Amino acid sequence: MDKRMSEQELIDAFDKALENNDIHPVYQPQINHSTGRMVGAEALMRWKDYNNGMQYPSDFIPVLENNDLIYRADLHLFEEVCKLQRECIDDQIPVVPVSVNMSRHDIYQKDYVDAIEGIRKKYDVPVKYLRVEITESSAIGGMELISGVLDKLHEYGYTVEMDDFGSGYSSLNVLKDLNVDIIKLDMRFLSGNIGGRGGTILGSIVQMTKWLETPVIAEGVETMAQADYMKSLGCNYIQGYLYFKPITKDQFIEKLKQLEHEPMTPPLSLISTMNADKFWDPSSLETLIFSNFVGGAAIFSYQMGKMDIMRVNPKYVKELGMNSTEKDILKTDPLTVFDEHNKKIYLDTIKKAIVSYDEETCETWRTFYSDCCGEDKVCIRTHMRVIGNAGNQYLFYAMINNITKEKRQFADLAESEKIFRTASEHANIYAWEYIIATKEMRPCFRCMRDLSLPPVVKNYPEPVIENGLFPPDYADMYRGWMKQLEEGVPYLEAVIPLTVGRVPFRVRYTLEYDENGKPLKAYGSATLVVQEDE
Ligand code: G
Ligand code: G
Ligand code: MN
């Protein structure tokens, strides 16, 4: 059973606790809610006393702060984090940046920054793998002091996070004056009220961080609804029980190995012509247009092979058909509806659009499953373009058309064409069309294959007379046929020796007319004349 230690007991036990590593870090991973990848972790202090069991930071940290011990504890924790990073680097385990907390009391210690920098150098950990968290309460001691510390951290290359943002009333002023790199927003300050006032505050904070182009980590996220809500505000980075409670060093190393990682990027900055703020505001004109005046449209983000649909309009849902709702669409990983072949087409188009910054188009088949209808396939034509980016994260605008019907008809046509091909092969027949108005001839596949004809022969029949398919002594007779067809003769038939080999073929023409009775095109065919004595 854990027993809470008194202030004096803590003070007495402190030196030994540091020495024995009873005071040690646990780690809480930070996850990109859209991709499921790890973007970092926070080291949190724990104190496990041999006799009294686990002591909690909310109890012992104030004691350490009031007795000038926190500085040593914080440096100890920083050193443990450096050791971990060194170990992982040596063992070739991929690492993520780890944040350590800096007490506001550390600010009064002039050498705090130099002290951690000394430790970092001792373990030779690249500075990009370490982050320092300061709290807005650090400003209590005066802005000059904290500004000086911040500048020095930046000078050494540290990433600095503003912890517990939103906990105090001076937040906005502090943020304006302190040039931090990442903001940590604590969901707990909103006491679960994301629908009402809390949501409005969150929305405006996230909005503001977009102007500042500062990434935001939502902390204390416990439910999927909270995470999804933050995502809808454009804030994807989550630290909280929903994904992970703080875990031990060994568990953390396991997670480093198991999970994919990605770097944190600033919030998306939209291309200047679009107004980012209004775009997220459900009552804005931009939203009205998006929802009502364009066809099926979606906004999605793309980063390193992962795609995340952020918004779809009602017409998008309708165009997709499939009985899906907007919620279903936002919930499913959009790439899972593709087979490998179609996925490649889609991803290649995304990559093309990233390079060209222009509209790119593709057609892909997607498979959907629903309770009512089982499995169903649709073919979608997508026009997409990049509308914003931040680092390697891109924001896309996509318009879709459901072209399943056209595609199915085309497939049916291809099917009957196949039947026709097989039949013509069996009957040993060559067939073609002659378009009266343009004097174009379109040969069947056998003509193309056996006689090396192109798909369209212009100025027919001159080219086939020229190449000897129709022998010179039949040329004028054949030209005469074309004339007769133009004049409306419905049917022609003769045996003509074809090719230089003068093989006898029965050549026939049947004329087709338009609705006014004018000659439109003629269907020609040639069948081998089988000799009786064969
Ligand atoms: O770790 P939770 O798990 O309970 O932390 C409670 C409080 O203690 C938080 O406000 C957190 O910022 C603070 N805290 C946790 N770890 C450290 C640390 O290593 N140093 C300092 N100064 N504060 C810490
Ligand atoms: O330094 P900071 O105050 O941000 O420390 C984070 C604190 O939040 C730690 O006490 C940590 O254990 C706690 N914490 C982390 N995730 C959650 C969560 O999802 N819910 C709650 N209630 N606390 C959390
Ligand atoms: Mn913290």
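So, a few notes on the structure that sits alongside this text. It should be emphasised that the depicted structure is a prediction, and the values quoted were computed from it without experimental measurement.

Overview of the pattern of salt bridges
And step 1. Considering all chains together, one arrives at 35 salt bridges under this definition.
And step 2. Across the pair Lys257 and Glu254 runs a salt bridge, and its minimum N-O distance is 3.5 Å. Taken together, the residues span about one helical turn, with Lys257 and Glu254 both in helix α9 (residues 249-258) at a distance of three residues.
And step 3. A relative accessible area of 37% means that Glu254 is categorised as partly exposed.
And step 4. Glu340 is paired through a salt bridge with Lys343; the nearest N and O atoms lie 3.9 Å apart. Remark: Lys343 and Glu340 occur in helix α14 (residues 340-356); sequence separation between them is three residues, near one turn of the helix.
And step 5. For Lys343, a relative accessible area of 25% corresponds to the partly exposed category.
And step 6. Connected through salt bridges with shared partners, the residues Arg37, Glu260, Glu262 and Lys306 form a single ionic network.

A closer look at the site of ligand 2
And step 1. Around ligand 2, the structure places 16 residues, and the nearest of them are Asp163, Arg188, Glu219, Glu222 and Tyr241.
And step 2. Between ligand 2 and Glu42 there is a distance of 3.1 Å, counted from an oxygen atom to a side-chain nitrogen or oxygen.
And step 3. Here an oxygen atom of ligand 2 and a side-chain polar atom of Glu219 are 2.4 Å apart.
And step 4. Here ligand 2, which alone exposes 510 Å², has 80% of that area covered by the protein.
And step 5. Of all the secondary-structure elements, those providing two or more residues to the shell around ligand 2 are β2 (38-49) and β6 (159-165).
And step 6. A total of three residues in the shell around ligand 2 trace back to one element, the largest contributor, which is β2.

A word on the pairing of strand β14 (residues 374-390)
And step 1. Bridge analysis of strand β13 (residues 360-370) against β14 gives eleven bridges, and the strand direction is antiparallel. Bridging across to β14, Glu363 finds its partner in Arg381.
And step 2. Pairing analysis gives ten bridges linking β14 to strand β15 (residues 393-402), with the strands arranged antiparallel. Of the residues in β15, the one forming a bridge with Ala390 is Gln393.
And step 3. What sits between β14 and β15 in their antiparallel hairpin is a turn of two residues, with Gly391 showing a positive phi close to 60°.

Reading the values: the criteria
Starting afresh in each chain, residues are numbered from 1 along the sequence in its written order. Here chains are named by letter from A upward and ligands by number from 1 upward, in the order in which they appear as written. In view of the model being predicted, local features appear only for residues whose pLDDT reaches at least 70, and side-chain atom pairs are presented and counted only at 80 or more, with totals across whole chains, interfaces and linings using the full set of residues. Values shown for side chains rest on all heavy atoms present in the structure; no hydrogens or waters enter the calculation. Each salt bridge in this description consists of a side-chain nitrogen of Lys or Arg and a carboxyl oxygen of Asp or Glu lying within 4 Å of one another. Strands are runs of DSSP state E lasting at least 2 residues, helices are runs of H or I lasting at least 4, and numbering of each runs from the N terminus. The rule is simple: take the accessible area with a 1.4 Å probe, protein chains only, and divide by the maximum for that residue type; under 20% is buried, over 50% is exposed, in between is partly exposed. Any residue with a heavy atom positioned within 4 Å of a molecule or strand is treated as near that molecule or strand. Under the rule applied, a polar contact is a pair of N or O atoms within 3.5 Å (in protein, one hydrogen donor and one hydrogen acceptor; residues adjacent in sequence only if both atoms are side-chain atoms). Per-residue and other accessible areas were derived by the Shrake-Rupley procedure at a 1.4 Å probe size, with only the shown protein chains allowed to occlude residues. Strand pairing is assigned whenever DSSP detects at least two bridges linking the two strands.

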